[in-house]
Amino acid sequence: MRISVILASLVGLAGSGALAEEVAPTAVSFNEGAVEQSLTGVPGDPANGRLIVGDKGQGNCVACHQVSDLADVPWHGEIGPMLDGTADRWSEAELRGIVVNAKIMFEDSMMPSFYKTEGFIRPGNAYTGKAADETFGPLLSAQQVEDVVAYLTTLKE
Amino acid sequence: GAFAEPVDDQLVVNEDISIVTRTAAPAHVSDALDEVMSGWLFRGTETRAMQADDFDNPGMIFVEQALEVWETAEGTEGKSCAACHNDIDSMAGVKATYPKWNEAAGEVRTLQMQVNDCRTNRMGAEAWKYDSGDAINMEAALASVSRGMPVNVAIDGPAQSAWELGKELYYTRTGQLELSCSNCHEDNYGMMIRADHLSQGQINGFPVYRLKNTKLNGVHSRFKGCVRDTRAETYSPGSAEFVALELYVASRGNGLSVEGPSVRN
């Protein structure tokens, strides 16, 4: 009886993984700035992550960071540290935490929180200057975050 | 990066008017900055050169247009600006002190608000829409006769509460990107943010002719654009918030010369 209950719950867990149930932006749990658990259970795609990091309409991380691997993308900003070798400095869980909400790892960081939906002052509807409406969501989707994290883990010196 | 510094250059307009483009920070910002610098120092060689000669400064075309309006009678009183103020040179020094507390109205007024007061109350003419062509052209004309004079807005006395509101707005991290004016223009001036070379976001050069949209741009419109870029709900040009922010940002440039109309990209 007891064993079957445990088995049933294990099956349940595996099932939720297969259905790729997402961790909601409000339900992410941090451990000293790091996020251990994948937000989707689906492995990130580093090639797509690379695109997101360089794309103005998506992560636009190069607005603030230089990345040698993205030399084909014009104009890298200088606000944050260069991301070359970031995977040598941070674990996957730490990188996930930094992308989800960098302000937990780095107090008062200028880096935006890419997977957060609450606590903003005068949140807008994208770049329209108008107030946010019911379409308001995090800057990156859960899977986009996983893709970015997968890409960041390839950035070794 | 290669362009990460403000240039070491002097601005003299028409080989005549020396512009102070960097100077010691006024006392009320000395906790945050040692020096205050005009946005001119952060622009490229060609853009800087355009501002050194009125024939090359496209903003001066709009000043010419405003000078015609200055002479033109309008409204139920049949008066022009010139009817009361004579030559526009009589306005030399005025721009440097705005925004300014108006005792009779009991409010801090921007130059555009003051002009509209003359239009509605003294000329019987319609108010110009905030930052619209006519308003911004006239502001540019008023700025042009103050070029080279030090910005000197008062921040104490009755203006103090607006100044404090402006300061609070300057340091508030707005929008989904949670960025404040200070994140970009105080902590990171001189740095590249993607393709843009960040200046201190000073307004001594306003109105600004931008090569990007080939017209004169007002302070509030610029604020609106910067706030919008934080993925925030912006305030409107002419709002009490932007008037207060204008006063505060102007005061950060006390000591820099009035430069408007300046040229930026």
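Owing to the predicted nature of the structure, the values given are computational and were not obtained by experimental measurement.

Novice: What am I meant to see in the overall build of chain B here?
Specialist: When helices and strands are counted, chain B shows 9 helices and 11 strands. Taken against the 2.2 N^0.38 rule, which gives 18 Å for 265 residues, the C-alpha radius of gyration of chain B at 18 Å falls within 12% of a compact globule. Along the first, second and third principal axes, the C-alpha set of chain B runs to 55 × 40 × 30 Å. For chain B, the proportion of contacts with a sequence separation of at least 24, taken over those separated by at least 6, is 68%. When the accessible area of chain B is evaluated, it comes to approximately 11500 Å², of which 49% is carbon and sulfur surface. Positive and negative side-chain charges of chain B, numbering 23 and 38 respectively, have mean locations separated by a distance of 6 Å.

Novice: Explain the state of the cysteines to me, please; I cannot follow it from the model alone.
Specialist: A covalent bond bridging the sulfur atoms of two cysteines is what the word disulfide describes. Taken as a whole and assessed by the stated rule, the structure comprises 0 disulfides over all chains. Free cysteine C61(A): the closest other cysteine sulfur is in C64(A), separated by 8.9 Å. Of all cysteine sulfurs, the one in C118(B) lies closest to C81(B), which takes part in no disulfide; the gap is 7.8 Å. Judged by its relative accessible area of 14%, C81(B) falls in the buried class.

Novice: Mind showing me how you'd approach helix α5 (residues 133-144) of chain B here?
Specialist: Along an α-helix, a turn takes 3.6 residues, which lines up residues three or four apart on a common side. All names here are of chain B. Over its 12 residues, α5 runs 16 Å from end to end, which matches the ideal 16 Å to within 8%, given 1.5 Å per residue. Buried residues dominate α5, accounting for 10 of its 12 residues. Of the positions making up α5, those classed as buried are A135, I136, N137, M138, E139, A140, A141, L142, A143 and S144.

Novice: What's the story with the interface of chain B and chain A in this structure? I'm lost.
Specialist: Accessible area lost during the coming together of the parts is what is often quoted as the interface size. If you look at the interface, chain B gives 28 residues, while chain A gives 36 residues. Linking chain B to chain A there are 2 salt bridges. A salt bridge links E178(B) to K103(A); the shortest N-O distance between them is 3.3 Å. Across the contact surface, chain B and chain A share 16 residue pairs in polar contact (both at pLDDT 80 or more). Sorting the residues of the side of chain B that touches chain A by element identifies α7 (181-185) and β7 (192-193) of chain B as the ones contributing at least two each. Per-class residue counts for the side of chain B that touches chain A are 12 nonpolar, 9 polar and 7 charged.

Novice: Would you take a moment to explain the packing of helix α8 (residues 219-228) of chain B against helix α9 (residues 240-252) of chain B for this structure?
Specialist: The description of two helices packed together rests on the angle between their axes and the distance between the axes. All names here are of chain B. At their nearest, the axes of α8 and α9 sit 10 Å apart, and the two run at 100 degrees to each other. Of the possible angle classes, the one that applies to α8 and α9 is roughly perpendicular. On the side of α8, the interface is formed by V219, H220, F223, K224 and V227, while α9 contributes F242, V243, L245, E246 and V249. When the residues that make up the contact of α8 with α9 are grouped by side-chain class, the tally is 7 nonpolar, 1 polar and 2 charged.

Novice: Explain the side chain of S262(B) here, please?
Specialist: All names here are of chain B. Considering the arrangement of structural elements, one finds S262 in strand β11 (residues 262-264). Here the side chain of S262 touches G205 through a polar contact of 2.8 Å, landing on its backbone oxygen. For S262, the residues in contact, after removing those within four places along its chain, are Q51, G205, P207, V208 and Y209.

Novice: Mind showing me how you'd approach the pattern of salt bridges here?
Specialist: Side chains bearing opposite charge may pair, as long as their charged atoms lie close to each other. Residues and elements named next belong to chain B. Applying the stated criterion across every chain yields a total of 17 salt bridges over all chains. Where D229 meets R228, a salt bridge forms, and the shortest distance between an N and an O atom there is 3.5 Å. Take D229: its relative accessible area is 41%, and that puts it in the partly exposed class. Through salt bridges with shared partners, one network takes in E107, R109, D117 and R122.

Novice: I tried to follow the environment of K224(B) on my own but got confused; where do I start?
Specialist: Residue and element names in this part refer to chain B. Residue position: K224 is located in helix α8. Note on K224: relative accessible area 37%, which makes it partly exposed. Here the alpha-carbon distance between K224 and F242, two residues 18 residues apart in the chain, equals 8.6 Å.

Novice: I tried to follow the sheet that holds β11(B) on my own but got confused; where do I start?
Specialist: Each strand in a sheet pairs with another by means of backbone hydrogen bonds, the pair being arranged parallel or else antiparallel. Residues and elements named next belong to chain B. Strands sit in the order β10-β9-β11 across an open sheet of 3 strands; the sheet is mixed. On the outer flanks of this sheet lie β10 (215-217) and β11, each paired with one strand and no other. Averaged over all adjacent pairs, the angle separating strand axes in this sheet is 40 degrees, with direction ignored. Judged from the 3 bridges that link them, strand β9 (residues 208-210) and β10 form a sheet pairing that is antiparallel.

Novice: Where do I start with the confidence of the model for chain B in this structure?
Specialist: Note: predicted coordinates in regions of low pLDDT should not be interpreted at a detailed level. Taken residue by residue, chain B gives an average pLDDT of 97. The fraction at 70 or more is 98%. Predicted as a complex, the structure gets a pTM of 0.95 and an ipTM equal to 0.94.

Novice: Explain the UniProt feature "domain: Cytochrome c" (unreviewed entry) in chain A to me, please; I cannot follow it from the model alone.
Specialist: Under the UniProt annotation, "domain: Cytochrome c" (unreviewed entry) lies at residues 44-156 of chain A. Secondary structure content for residues 44-156 of chain A is 34% helix and 0% strand, and the end C-alpha separation is 17 Å.

Novice: Where do I start with the nonpolar core in this structure?
Specialist: Across soluble globular proteins, nonpolar side chains show a tendency to be buried alongside one another. If you look at the biggest cluster of nonpolar residues, it comprises 37 residues, and the most contacted ones within it are L39(A), V99(A) and V145(A). The set of elements that each furnish at least two residues to this core consists of α2 (46-54), α4 (92-105) and α5 (142-152) of chain A. Ignoring any residue separated from it by four or fewer positions in sequence, one finds V99(A) in contact with M111(A), S113(A), F114(A), Y115(A), L140(A), V145(A), V148(A), V149(A) and L152(A). Of all hydrophobic cores here, the second largest spans 33 residues; its members include L33(B), L169(B), V243(B) and V258(B).

Novice: Before we go on, may I ask you to explain the environment of A52(B) in this structure?
Specialist: Residue and element names in this part refer to chain B. As for its placement among the helices and strands, A52 is situated in the loop between α1 (45-50) and α2 (59-71). According to the relative accessible area criterion, A52 is partly exposed, its value standing at 26%. Once the C-alpha coordinates of A52 and A92 are considered, the two residues, 40 residues apart in sequence, prove to be 19 Å apart.

What counts, and at which threshold
- In this convention, every chain numbers its residues from 1, walking through the sequence in written order.
- Here every chain gets a letter starting at A, and every ligand a number starting at 1, in the order they are written.
- In keeping with the predicted nature of the model, local features appear solely for residues at pLDDT of at least 70, side-chain atom pairs appear and are counted solely at 80 or more, and the whole-chain, interface and lining totals rest on all residues.
- Side-chain numbers come from the whole structure's heavy atoms, not from hydrogens or water.
- Runs of H or I in DSSP of at least four residues are treated as helices and runs of E of at least two as strands, each being numbered from the N terminus.
- Computation of the radius of gyration draws on C-alpha atoms alone. For the globule rule, the value is 2.2 Å times the number of residues to the power 0.38.
- Residue contacts follow a heavy-atom distance rule, with two residues in contact if any of their heavy atoms lie within 4.5 Å.
- Values of accessible area rely on a 1.4 Å probe in the Shrake-Rupley scheme; residue burial ignores everything except the protein chains shown.
- The charged-residue count follows a simple rule in which Lys and Arg add positive charge and Asp and Glu add negative charge, with His and chain termini not counted at all.
- The location of each charge is read from NZ of Lys, CZ of Arg, CG of Asp or CD of Glu.
- Throughout, disulfides are identified as pairs of cysteine sulfur atoms within 2.5 Å of each other.
- Type-normalised accessible area, obtained with a 1.4 Å probe on protein chains alone, sets the label of each residue: buried when under 20%, exposed when over 50%, and partly exposed for intermediate values.
- For a helix, the expected span equals 1.5 Å multiplied by the residue count minus one.
- We define a salt bridge as a side-chain nitrogen of Lys or Arg found within 4 Å of a carboxyl oxygen belonging to Asp or Glu.
- Any pair of N or O atoms that falls within 3.5 Å is considered a polar contact. Within protein, one atom must be able to donate a hydrogen and the other to accept it, and sequence-neighbouring residues count only if both atoms are side-chain atoms.
- Each residue is assigned to one of three groups, with Ala, Val, Leu, Ile, Met, Phe, Trp, Tyr, Cys and Pro labelled nonpolar, Asp, Glu, Lys and Arg labelled charged, and all others, Gly among them, labelled polar.
- A fitted line through C-alpha atoms serves as each axis, taken over the contacting stretch for helices, and the angle formed by two N-to-C directions is quoted from 0 to 180°.
- Any angle between 65 and 115 degrees counts as roughly perpendicular, while under 35 counts as roughly parallel, over 145 as roughly antiparallel, and the rest as oblique.
- Strands were regarded as paired on the criterion that DSSP finds at least two bridges between them.
- pLDDT runs from 0 to 100 and stands for how confident the predictor is about each residue.
- UniProt positions are given in the numbering used here, feature names are shortened, and annotations may be inferred rather than shown by experiment.
- Throughout, nonpolar core names a set of buried Ala, Val, Leu, Ile, Met, Phe, Trp, Tyr and Cys residues whose side chains join them through atoms within 4.5 Å.

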